[in-house]
Amino acid sequence: MDRILLWALLVIGIILFCFSLRKPLIKDTLLVFLLKAYFSTFFGVIVAEEKLVEYPVRFLGQYFDTSILFEYFLYPIMCVYFYQTSYHSRLLGIIVQCALYTTALTFLEVLCEKYTNLVEYHGWTGMYSFITIFLLSFSVRMLMSLINKREQSTG
């Protein structure tokens, strides 16, 4: 059943990614996606190597200790949608939207931890996930703001 859920999440992720590319700012969309995958790699590897979180059922489990579906695909897609919906927002709106997206993602992770073998916490909690997801998402969003300001001032 867990493998079916993984495949369903992959299909949903592909559909969401395709829809995200239909919006303007494709360069920004791809940059956010790649930045998020890049930064989440460091934290995911540390958390997995320290055995704080385990992923018993995962894609390419013989090669990766982390959930590559989450870290390299689903989480970056969530960040793309967060970036797109907060593009014209002020700081308070960005923080609120980041908290909402992070809450939804953390809630889904906690459900998966409780009811599936996709993720198991060992010395980790949903609050730690919330904090790290929020900080990483907010950091990428702020980095994109800086990149866009720099690009506008030189362009």
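Below is a summary of the structure that appears in this document. As the structure is a computational prediction, the values presented were derived from the model and not from experiment.

**Looking at a nonpolar patch on the surface**
Together, Leu60, Tyr63, Phe64 and Tyr72 line one region of the surface with nonpolar side chains, adding up to about 410 Å² of accessible area. Mapped onto the secondary structure, Tyr63 falls in the loop between β1 (53-54) and α3 (68-85). Look at Tyr63 and you get exposed, because its relative accessible area is 63%.

**Here we look at the pattern of salt bridges**
Pairing is possible between side chains that carry opposite charge, provided their charged atoms lie close to one another. Taken as a whole and assessed by the stated rule, the structure comprises two salt bridges. In this structure, Lys27 and Asp28 form a salt bridge, with 3.0 Å as the shortest nitrogen-oxygen distance. Residue class for Lys27 comes out partly exposed when judged on its relative accessible area of 46%. For Asp65, the salt bridge goes to Arg58, with nearest N and O atoms at 4.0 Å.

What counts and what doesn't
Residues numbered from 1 in each chain as written. Predicted model: local features only at pLDDT ≥ 70, side-chain atom pairs only at ≥ 80, totals over all residues. Heavy atoms only, no water. Patch = residues over 30% accessible without salt bridge, like charges linked within 9 Å, V, L, I, M, F, W, Y side chains within 5 Å. Areas by Shrake-Rupley, 256 points an atom, 1.4 Å probe, with all protein chains shown as cover. Salt bridge = Lys/Arg side-chain N within 4 Å of Asp/Glu carboxyl O. Helix = DSSP H or I, 4+ residues; strand = E, 2+ residues; numbered from the N terminus. Buried < 20%, exposed > 50% of the residue type's maximum accessible area, 1.4 Å probe, protein only.

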